[in-house]
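Fold and geometry: a report
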Amino acid sequence: MAASPQASARGLDWFTFFLADIQTGFGPFVAIYLTAHQWAQFDIGLVLTAGGLVALACQIPGGALVDAARSARLVAGLAVAAICLSALALAIWPNFAVVMASRVLHAAASCVLGPVIAAISLGLVGHAALGARLGRNARFASVGNGVAAAAMGACGSLVSNQAVFFLTAILAAPALLALARIRTNHIERPKLTSDGAATATLWQVLSDRRLLIFAGCILLFQLANAAMLPIMGSILTMRSSTWASTLIGACIVVPTVIVAGVAPWVGRQADAWGRRPLLLVCFAALALRGVLFGMITTPYLVVALQIFDGVCAAILGVILPLVVADVMRGTGRFNLGLGIIGSAVGIGAALSTTLAGYVLDHFGSSLAFYTLATVAVGGLGLVWLLMPETRPDATSKS
(Lines give C-alpha, C1' and ligand atoms only; values in the text may rest on other atoms or scores of the structure.)
Protein backbone atom coordinates (compact mmCIF):
# COMPACT_ATOMS: atom_id res chain seq x y z
CA MET A 1 0.00 0.00 0.00
CA ALA A 2 1.43 3.36 -1.02
CA ALA A 3 2.18 5.90 1.65
CA SER A 4 -0.11 8.95 1.82
CA PRO A 5 0.99 12.53 1.17
CA GLN A 6 0.54 13.11 4.91
CA ALA A 7 3.09 10.36 5.61
CA SER A 8 5.50 12.03 3.18
CA ALA A 9 4.98 15.34 4.97
CA ARG A 10 5.70 13.72 8.34
CA GLY A 11 8.78 12.07 6.81
CA LEU A 12 10.03 15.52 5.80
CA ASP A 13 9.38 16.77 9.35
CA TRP A 14 11.59 14.10 10.85
CA PHE A 15 14.21 14.29 8.11
CA THR A 16 14.57 18.00 8.86
CA PHE A 17 14.79 17.25 12.59
CA PHE A 18 17.47 14.56 12.30
CA LEU A 19 19.42 16.50 9.68
CA ALA A 20 19.66 19.41 12.13
CA ASP A 21 20.91 16.91 14.73
CA ILE A 22 23.63 15.68 12.37
CA GLN A 23 24.77 19.17 11.36
CA THR A 24 25.02 20.25 15.02
CA GLY A 25 27.89 17.79 15.47
CA PHE A 26 29.98 19.80 13.01
CA GLY A 27 29.56 23.07 14.89
CA PRO A 28 31.82 24.12 17.79
CA PHE A 29 32.44 20.47 18.71
CA VAL A 30 35.03 20.18 15.92
CA ALA A 31 37.26 22.85 17.44
CA ILE A 32 36.84 21.36 20.94
CA TYR A 33 37.69 17.86 19.70
CA LEU A 34 40.79 18.94 17.78
CA THR A 35 42.01 21.09 20.67
CA ALA A 36 41.72 18.03 22.94
CA HIS A 37 44.00 16.21 20.49
CA GLN A 38 46.68 18.91 20.92
CA TRP A 39 46.13 20.50 17.54
CA ALA A 40 47.63 23.96 17.06
CA GLN A 41 45.04 26.71 16.80
CA PHE A 42 46.45 27.68 13.40
CA ASP A 43 45.80 24.17 12.05
CA ILE A 44 42.28 24.16 13.50
CA GLY A 45 41.59 27.51 11.89
CA LEU A 46 43.03 26.24 8.60
CA VAL A 47 40.71 23.24 8.31
CA LEU A 48 37.69 25.29 9.42
CA THR A 49 38.53 27.98 6.87
CA ALA A 50 38.99 25.37 4.14
CA GLY A 51 35.55 23.98 4.92
CA GLY A 52 34.06 27.46 4.78
CA LEU A 53 35.69 28.22 1.42
CA VAL A 54 34.48 24.93 -0.07
CA ALA A 55 30.98 25.61 1.22
CA LEU A 56 31.03 29.04 -0.40
CA ALA A 57 32.39 27.74 -3.72
CA CYS A 58 29.85 24.91 -3.91
CA GLN A 59 26.68 26.94 -3.25
CA ILE A 60 25.84 27.69 -6.88
CA PRO A 61 27.02 24.32 -8.32
CA GLY A 62 25.12 22.54 -5.53
CA GLY A 63 21.89 24.33 -6.38
CA ALA A 64 22.36 23.62 -10.09
CA LEU A 65 22.99 19.93 -9.29
CA VAL A 66 19.72 19.64 -7.37
CA ASP A 67 17.86 21.31 -10.26
CA ALA A 68 19.38 18.83 -12.72
CA ALA A 69 18.94 15.69 -10.57
CA ARG A 70 16.01 13.42 -11.39
CA SER A 71 15.54 12.52 -7.72
CA ALA A 72 16.01 15.08 -4.96
CA ARG A 73 15.57 12.27 -2.44
CA LEU A 74 18.54 10.35 -3.89
CA VAL A 75 20.73 13.46 -3.73
CA ALA A 76 19.69 13.96 -0.09
CA GLY A 77 20.49 10.35 0.79
CA LEU A 78 23.95 10.55 -0.76
CA ALA A 79 24.66 13.83 1.04
CA VAL A 80 23.64 12.37 4.42
CA ALA A 81 25.82 9.31 3.77
CA ALA A 82 28.76 11.61 2.95
CA ILE A 83 28.30 13.53 6.19
CA CYS A 84 28.11 10.24 8.12
CA LEU A 85 31.41 9.19 6.51
CA SER A 86 32.93 12.57 7.43
CA ALA A 87 31.93 12.15 11.08
CA LEU A 88 33.37 8.62 11.28
CA ALA A 89 36.63 9.75 9.67
CA LEU A 90 36.94 12.59 12.19
CA ALA A 91 36.33 10.25 15.10
CA ILE A 92 38.68 7.45 13.99
CA TRP A 93 41.57 9.27 12.26
CA PRO A 94 42.10 12.77 13.69
CA ASN A 95 45.20 13.49 11.60
CA PHE A 96 45.52 16.58 9.43
CA ALA A 97 44.97 14.98 6.01
CA VAL A 98 41.88 13.01 7.06
CA VAL A 99 40.35 15.89 9.00
CA MET A 100 40.89 18.26 6.07
CA ALA A 101 39.31 15.77 3.66
CA SER A 102 36.37 15.15 6.00
CA ARG A 103 35.71 18.89 6.38
CA VAL A 104 35.78 19.37 2.60
CA LEU A 105 33.42 16.41 2.09
CA HIS A 106 31.06 17.69 4.77
CA ALA A 107 31.03 21.21 3.32
CA ALA A 108 30.33 19.96 -0.21
CA ALA A 109 27.54 17.64 0.95
CA SER A 110 25.93 20.34 3.08
CA CYS A 111 25.64 22.66 0.07
CA VAL A 112 22.99 20.45 -1.52
CA LEU A 113 20.95 19.71 1.60
CA GLY A 114 19.37 23.14 1.99
CA PRO A 115 18.23 23.24 -1.66
CA VAL A 116 17.06 19.61 -1.44
CA ILE A 117 14.83 20.28 1.56
CA ALA A 118 13.40 23.37 -0.12
CA ALA A 119 12.85 21.45 -3.37
CA ILE A 120 11.11 18.55 -1.62
CA SER A 121 8.97 21.00 0.36
CA LEU A 122 7.93 22.82 -2.80
CA GLY A 123 7.19 19.55 -4.57
CA LEU A 124 5.08 18.18 -1.72
CA VAL A 125 2.85 21.19 -1.00
CA GLY A 126 3.09 23.43 -4.08
CA HIS A 127 3.79 27.14 -4.21
CA ALA A 128 0.57 28.25 -2.51
CA ALA A 129 1.30 26.36 0.74
CA LEU A 130 5.09 26.73 0.70
CA GLY A 131 5.23 29.46 3.37
CA ALA A 132 3.49 27.30 5.97
CA ARG A 133 5.64 24.30 5.04
CA LEU A 134 8.87 26.29 5.38
CA GLY A 135 7.73 27.52 8.78
CA ARG A 136 7.16 23.92 9.83
CA ASN A 137 10.63 22.98 8.54
CA ALA A 138 12.19 25.78 10.58
CA ARG A 139 10.40 24.59 13.72
CA PHE A 140 11.62 21.00 13.39
CA ALA A 141 15.16 22.14 12.50
CA SER A 142 15.26 24.46 15.51
CA VAL A 143 14.07 21.76 17.91
CA GLY A 144 16.56 19.35 16.35
CA ASN A 145 19.42 21.80 16.89
CA GLY A 146 18.46 22.31 20.52
CA VAL A 147 18.05 18.61 21.31
CA ALA A 148 21.28 17.70 19.54
CA ALA A 149 23.29 20.45 21.24
CA ALA A 150 22.15 19.21 24.66
CA ALA A 151 22.69 15.54 23.81
CA MET A 152 26.12 16.08 22.26
CA GLY A 153 27.21 18.37 25.05
CA ALA A 154 26.28 15.68 27.58
CA CYS A 155 27.93 13.02 25.42
CA GLY A 156 31.15 15.04 25.25
CA SER A 157 31.16 15.63 29.02
CA LEU A 158 30.14 12.13 30.17
CA VAL A 159 31.82 9.96 27.52
CA SER A 160 34.40 11.75 25.35
CA ASN A 161 34.73 14.38 22.65
CA GLN A 162 35.27 11.57 20.16
CA ALA A 163 31.88 10.08 21.06
CA VAL A 164 30.16 13.21 19.72
CA PHE A 165 31.15 12.27 16.17
CA PHE A 166 30.13 8.64 16.59
CA LEU A 167 26.74 9.93 17.75
CA THR A 168 26.61 12.23 14.72
CA ALA A 169 27.24 9.27 12.41
CA ILE A 170 24.62 7.14 14.17
CA LEU A 171 22.00 9.86 13.68
CA ALA A 172 22.34 9.40 9.92
CA ALA A 173 20.32 6.18 10.24
CA PRO A 174 17.04 7.76 11.48
CA ALA A 175 17.56 10.61 9.00
CA LEU A 176 17.69 8.12 6.12
CA LEU A 177 14.66 6.22 7.48
CA ALA A 178 12.70 9.48 7.60
CA LEU A 179 13.85 10.31 4.07
CA ALA A 180 12.60 6.89 2.89
CA ARG A 181 9.09 7.81 4.09
CA ILE A 182 8.97 10.66 1.57
CA ARG A 183 7.55 9.06 -1.56
CA THR A 184 8.90 10.40 -4.83
CA ASN A 185 5.46 10.14 -6.45
CA HIS A 186 4.32 12.86 -4.02
CA ILE A 187 7.06 15.26 -5.16
CA GLU A 188 6.01 17.44 -8.07
CA ARG A 189 8.87 18.15 -10.46
CA PRO A 190 9.28 21.75 -11.68
CA LYS A 191 8.01 22.50 -15.18
CA LEU A 192 10.77 22.07 -17.77
CA THR A 193 10.95 22.24 -21.55
CA SER A 194 10.08 19.21 -23.67
CA ASP A 195 13.70 18.03 -23.76
CA GLY A 196 14.02 18.18 -19.94
CA ALA A 197 15.97 21.44 -19.77
CA ALA A 198 15.14 24.35 -17.48
CA THR A 199 13.13 27.14 -19.08
CA ALA A 200 15.61 29.85 -17.97
CA THR A 201 19.29 30.05 -18.84
CA LEU A 202 22.03 30.61 -16.28
CA TRP A 203 22.52 34.16 -17.56
CA GLN A 204 18.78 34.92 -17.19
CA VAL A 205 18.90 33.79 -13.58
CA LEU A 206 22.08 35.74 -12.80
CA SER A 207 20.68 38.90 -14.36
CA ASP A 208 17.26 38.76 -12.68
CA ARG A 209 16.93 42.15 -10.96
CA ARG A 210 14.73 40.88 -8.13
CA LEU A 211 17.13 38.05 -7.29
CA LEU A 212 20.15 40.37 -7.34
CA ILE A 213 18.45 42.92 -5.07
CA PHE A 214 17.45 40.15 -2.67
CA ALA A 215 21.02 38.77 -2.72
CA GLY A 216 22.27 42.26 -1.79
CA CYS A 217 19.80 42.42 1.09
CA ILE A 218 20.90 39.03 2.40
CA LEU A 219 24.59 39.92 2.05
CA LEU A 220 24.02 43.06 4.15
CA PHE A 221 22.06 41.05 6.72
CA GLN A 222 24.90 38.57 7.17
CA LEU A 223 27.50 41.35 7.15
CA ALA A 224 25.65 42.93 10.08
CA ASN A 225 24.64 39.76 11.91
CA ALA A 226 27.39 37.14 11.71
CA ALA A 227 29.92 38.89 13.97
CA MET A 228 27.54 40.13 16.68
CA LEU A 229 27.47 37.09 18.96
CA PRO A 230 31.17 36.15 18.51
CA ILE A 231 32.17 39.71 19.48
CA MET A 232 29.87 39.63 22.47
CA GLY A 233 31.35 36.25 23.44
CA SER A 234 34.83 37.74 23.44
CA ILE A 235 33.65 40.69 25.53
CA LEU A 236 31.92 38.42 28.05
CA THR A 237 35.05 36.27 28.33
CA MET A 238 37.15 39.33 29.14
CA ARG A 239 34.63 40.55 31.73
CA SER A 240 33.85 37.20 33.38
CA SER A 241 35.53 34.12 31.95
CA THR A 242 33.83 31.89 34.56
CA TRP A 243 30.32 32.57 33.28
CA ALA A 244 31.07 33.35 29.64
CA SER A 245 30.44 29.83 28.31
CA THR A 246 27.19 29.52 30.23
CA LEU A 247 25.95 32.88 29.00
CA ILE A 248 26.88 32.16 25.38
CA GLY A 249 25.15 28.79 25.66
CA ALA A 250 22.02 30.59 26.83
CA CYS A 251 22.42 33.06 23.97
CA ILE A 252 22.29 30.14 21.53
CA VAL A 253 19.29 28.47 23.21
CA VAL A 254 17.06 31.57 23.32
CA PRO A 255 16.85 32.07 19.52
CA THR A 256 16.26 28.35 19.09
CA VAL A 257 13.21 28.52 21.34
CA ILE A 258 11.93 31.63 19.55
CA VAL A 259 12.32 30.03 16.11
CA ALA A 260 10.53 26.85 17.22
CA GLY A 261 7.61 28.89 18.52
CA VAL A 262 7.37 31.63 15.90
CA ALA A 263 8.45 30.10 12.55
CA PRO A 264 5.09 28.49 11.63
CA TRP A 265 3.33 31.80 12.34
CA VAL A 266 5.87 33.58 10.13
CA GLY A 267 5.08 31.15 7.32
CA ARG A 268 1.37 31.93 7.56
CA GLN A 269 1.91 35.68 7.76
CA ALA A 270 4.23 35.60 4.76
CA ASP A 271 1.20 34.53 2.73
CA ALA A 272 -1.17 36.96 4.45
CA TRP A 273 1.02 40.09 4.67
CA GLY A 274 3.56 39.41 1.95
CA ARG A 275 7.32 38.88 2.12
CA ARG A 276 8.50 42.49 2.18
CA PRO A 277 6.89 43.60 5.51
CA LEU A 278 8.50 40.66 7.30
CA LEU A 279 11.88 41.49 5.77
CA LEU A 280 11.53 45.04 7.09
CA VAL A 281 10.78 43.69 10.58
CA CYS A 282 13.82 41.39 10.32
CA PHE A 283 16.26 44.20 9.49
CA ALA A 284 14.74 46.53 12.09
CA ALA A 285 15.17 43.85 14.79
CA LEU A 286 18.79 43.29 13.73
CA ALA A 287 19.59 47.02 13.81
CA LEU A 288 17.99 47.40 17.24
CA ARG A 289 19.93 44.40 18.56
CA GLY A 290 23.21 45.94 17.38
CA VAL A 291 22.46 49.30 18.99
CA LEU A 292 21.45 47.72 22.31
CA PHE A 293 24.51 45.43 22.31
CA GLY A 294 26.64 48.57 22.04
CA MET A 295 24.89 50.21 25.01
CA ILE A 296 24.48 47.46 27.63
CA THR A 297 26.95 46.73 30.40
CA THR A 298 25.04 43.97 32.25
CA PRO A 299 26.01 40.55 30.84
CA TYR A 300 22.65 38.95 31.60
CA LEU A 301 20.83 41.44 29.38
CA VAL A 302 22.72 39.93 26.45
CA VAL A 303 20.64 36.76 26.83
CA ALA A 304 17.40 38.75 26.80
CA LEU A 305 18.44 40.64 23.69
CA GLN A 306 18.88 37.35 21.85
CA ILE A 307 15.11 37.40 21.45
CA PHE A 308 15.78 39.74 18.52
CA ASP A 309 18.14 37.15 17.02
CA GLY A 310 15.38 34.57 17.30
CA VAL A 311 12.95 36.87 15.51
CA CYS A 312 15.45 37.42 12.69
CA ALA A 313 16.23 33.71 12.38
CA ALA A 314 12.55 32.76 12.28
CA ILE A 315 11.77 35.33 9.60
CA LEU A 316 14.80 34.72 7.41
CA GLY A 317 14.56 30.94 7.67
CA VAL A 318 11.13 31.12 6.05
CA ILE A 319 11.42 34.18 3.81
CA LEU A 320 14.76 33.35 2.16
CA PRO A 321 13.65 30.19 0.29
CA LEU A 322 10.15 31.61 -0.16
CA VAL A 323 11.33 34.72 -2.02
CA VAL A 324 13.64 32.60 -4.18
CA ALA A 325 10.69 30.31 -4.99
CA ASP A 326 8.63 33.38 -5.96
CA VAL A 327 11.33 34.81 -8.21
CA MET A 328 12.30 31.49 -9.83
CA ARG A 329 8.76 30.22 -10.28
CA GLY A 330 8.31 28.53 -13.66
CA THR A 331 12.01 28.68 -14.59
CA GLY A 332 13.16 25.26 -13.35
CA ARG A 333 16.05 27.06 -11.59
CA PHE A 334 14.77 27.26 -8.01
CA ASN A 335 17.76 25.53 -6.46
CA LEU A 336 20.24 27.49 -8.54
CA GLY A 337 18.60 30.63 -7.15
CA LEU A 338 19.05 29.25 -3.65
CA GLY A 339 22.71 28.63 -4.43
CA ILE A 340 23.19 32.24 -5.52
CA ILE A 341 21.59 33.52 -2.31
CA GLY A 342 23.67 31.01 -0.34
CA SER A 343 26.80 32.55 -1.85
CA ALA A 344 25.63 35.97 -0.66
CA VAL A 345 25.17 34.50 2.83
CA GLY A 346 28.72 33.11 2.84
CA ILE A 347 30.35 36.29 1.55
CA GLY A 348 28.49 38.49 4.05
CA ALA A 349 29.35 36.22 6.97
CA ALA A 350 33.03 36.04 5.98
CA LEU A 351 33.36 39.82 5.69
CA SER A 352 31.41 40.46 8.91
CA THR A 353 34.00 39.07 11.31
CA THR A 354 36.82 40.93 9.52
CA LEU A 355 34.97 44.25 9.58
CA ALA A 356 33.84 43.94 13.18
CA GLY A 357 37.23 42.70 14.38
CA TYR A 358 39.02 45.66 12.80
CA VAL A 359 36.62 48.22 14.32
CA LEU A 360 36.75 46.45 17.70
CA ASP A 361 40.57 46.51 17.81
CA HIS A 362 40.91 50.14 16.74
CA PHE A 363 37.80 51.89 18.10
CA GLY A 364 36.25 49.73 20.82
CA SER A 365 33.32 47.36 21.23
CA SER A 366 30.53 49.94 21.28
CA LEU A 367 31.52 51.39 17.91
CA ALA A 368 31.87 47.87 16.49
CA PHE A 369 28.26 47.11 17.38
CA TYR A 370 27.08 50.50 16.12
CA THR A 371 28.89 49.82 12.83
CA LEU A 372 27.09 46.51 12.44
CA ALA A 373 23.80 48.21 13.31
CA THR A 374 24.49 50.81 10.63
CA VAL A 375 24.97 48.05 8.06
CA ALA A 376 21.62 46.60 9.16
CA VAL A 377 20.00 50.01 8.63
CA GLY A 378 21.52 50.02 5.14
CA GLY A 379 19.88 46.67 4.48
CA LEU A 380 16.59 48.02 5.81
CA GLY A 381 16.86 50.92 3.36
CA LEU A 382 17.61 48.57 0.46
CA VAL A 383 14.49 46.51 1.24
CA TRP A 384 12.38 49.65 1.63
CA LEU A 385 13.57 51.40 -1.54
CA LEU A 386 14.32 48.64 -4.05
CA MET A 387 13.02 45.23 -2.95
CA PRO A 388 9.70 44.46 -4.66
CA GLU A 389 6.95 42.36 -3.11
CA THR A 390 7.28 38.88 -4.63
CA ARG A 391 4.14 37.21 -3.27
CA PRO A 392 2.43 35.78 -6.39
CA ASP A 393 -0.97 37.48 -5.94
CA ALA A 394 0.77 40.79 -5.22
CA THR A 395 2.85 40.40 -8.38
CA SER A 396 -0.22 39.68 -10.49
CA LYS A 397 -1.97 42.78 -9.20
CA SER A 398 0.97 45.08 -9.87
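About the criteria used
Residues numbered from 1 in each chain as written. Predicted model: local features only at pLDDT ≥ 70, side-chain atom pairs only at ≥ 80, totals over all residues. Heavy atoms only, no water. Helix = DSSP H or I, 4+ residues; strand = E, 2+ residues; numbered from the N terminus. Buried < 20%, exposed > 50% of the residue type's maximum accessible area, 1.4 Å probe, protein only. Contact = heavy atoms within 4.5 Å. Areas by Shrake-Rupley, 256 points an atom, 1.4 Å probe, with all protein chains shown as cover. Salt bridge = Lys/Arg side-chain N within 4 Å of Asp/Glu carboxyl O. Patch = residues over 30% accessible without salt bridge, like charges linked within 9 Å, V, L, I, M, F, W, Y side chains within 5 Å. Core = buried A, V, L, I, M, F, W, Y, C linked by side-chain atoms within 4.5 Å. Phe/Tyr/Trp six-rings, centres within 6.5 Å; stacked < 30°, edge-to-face > 60°. Lys NZ or Arg CZ within 6 Å of the ring centre and 35° of its normal. Disulfide = S-S within 2.5 Å. pLDDT = per-residue confidence, 0-100.

**Structural notes on the overall build of the chain**
- Summing up its helical and strand segments, the chain has 18 helices and 0 strands in all.
- Going through the 398 residues of the chain one by one, you find that 49% of them count as buried.
- At a minimum sequence separation of 6, the contacts of the chain that also span at least 24 residues come to 84%.
- On the chain, roughly 17300 Å² of surface is accessible, and the fraction owed to carbon and sulfur atoms is 69%.

**Describing the pattern of salt bridges**
- Within the structure shown, the criterion is met by 6 salt bridges.
- For the salt bridge of aspartate 13 with arginine 136, the shortest nitrogen-to-oxygen distance reads 2.9 Å. In this pair, aspartate 13 is assigned in helix 1 (residues 5-24) and arginine 136 in helix 7 (residues 130-158), connecting sequence segments 123 residues apart.
- Note on arginine 136: relative accessible area 39%, which makes it partly exposed.

**Considering a nonpolar patch on the surface**
- Residues Val291, Met295, Tyr358, Phe363, Leu367 and Tyr370 make up a contiguous nonpolar surface patch of about 600 Å² in total accessible area.
- Every element with two or more residues in the nonpolar patch is listed here: helix 14 (275-295), helix 16 (334-363) and helix 17 (365-385).
- If you trace the backbone, tyrosine 370 turns up in helix 17.

**Some thoughts on the nonpolar core**
- Within the largest apolar cluster, 70 residues are counted, with the highest numbers of intra-cluster contacts made by Phe214, Ile231, Phe293 and Ile341.
- Put simply, the parts of the chain that give this core at least two residues each are helix 7, helix 11 (209-225), helix 12 (228-239), helix 13 (241-272), helix 14, helix 15 (299-327), helix 16 and helix 17.
- If sequence neighbours within four positions are ignored, phenylalanine 214 has contacts with Leu279, Ile319, Leu320, Val323, Val324, Ile341 and Met387.
- Leu12, Leu19, Val47 and Ala175 belong to the second-largest nonpolar core, a separate cluster that totals 49 residues.

**Examining the packing of aromatic side chains**
- This structure, assessed with the given rule, holds 7 aromatic pairs.
- On the basis of an interplanar angle of 75 degrees and a centroid distance of 5.3 Å, the ring pair of tryptophan 14 and phenylalanine 17 is categorised as edge-to-face. In this pair, tryptophan 14 and phenylalanine 17 both sit in helix 1, 3 residues apart, roughly one turn of the helix.
- Take tryptophan 14: its relative accessible area is 42%, and that puts it in the partly exposed class.
- Judged by centre distance (5.1 Å) and plane angle (85 degrees), the ring pair of phenylalanine 17 and phenylalanine 18 falls under edge-to-face. Here phenylalanine 17 matches phenylalanine 18 in class, with each residue buried.
- Through pairs of rings, three or more aromatic residues link up here, namely Trp14, Phe17, Phe18 and Phe140.
- The aromatic ring of tryptophan 384 is capped on one face by arginine 276, whose charged end is 5.5 Å from the ring centroid.

**A few points about the state of the cysteines**
- Tallied over the full model, the rule gives 0 disulfides.
- Summary of cysteine pairing: cysteine 58 is not part of a disulfide, and the nearest cysteine sulfur, belonging to cysteine 111, is at 4.9 Å.

**Brief notes about the side chain of serine 142**
- Mapping serine 142 onto the fold places it in helix 7.
- Filtering out sequence-adjacent residues up to four positions away, serine 142 remains in contact with Thr256, Val257, Val259 and Ala260.

**Here's the deal with the environment of leucine 46**
- Its place among the elements puts leucine 46 in helix 3 (residues 41-57).
- Look at leucine 46 and you get partly exposed, because its relative accessible area is 35%.
- C-alpha separation for the pair leucine 46 and methionine 100, spaced 54 residues apart in sequence, amounts to 8.6 Å.
- Here leucine 46 is in contact with Phe96 and Met100, once residues within four sequence places are set aside.

**Topic: the confidence of the model for the chain**
- Looking at the chain as a whole, its pLDDT mean stands at 83, while 90% of the residues score no less than 70.
- Taken element by element, the chain is modelled with least confidence in helix 18 (residues 392-397), mean pLDDT 58, and with most confidence in helix 14, mean pLDDT 95.
- Predicted confidence is poor over residues 192-196, with pLDDT under 50, and the contacts of this stretch with residues over four places away or in other chains come to 6 contacts.

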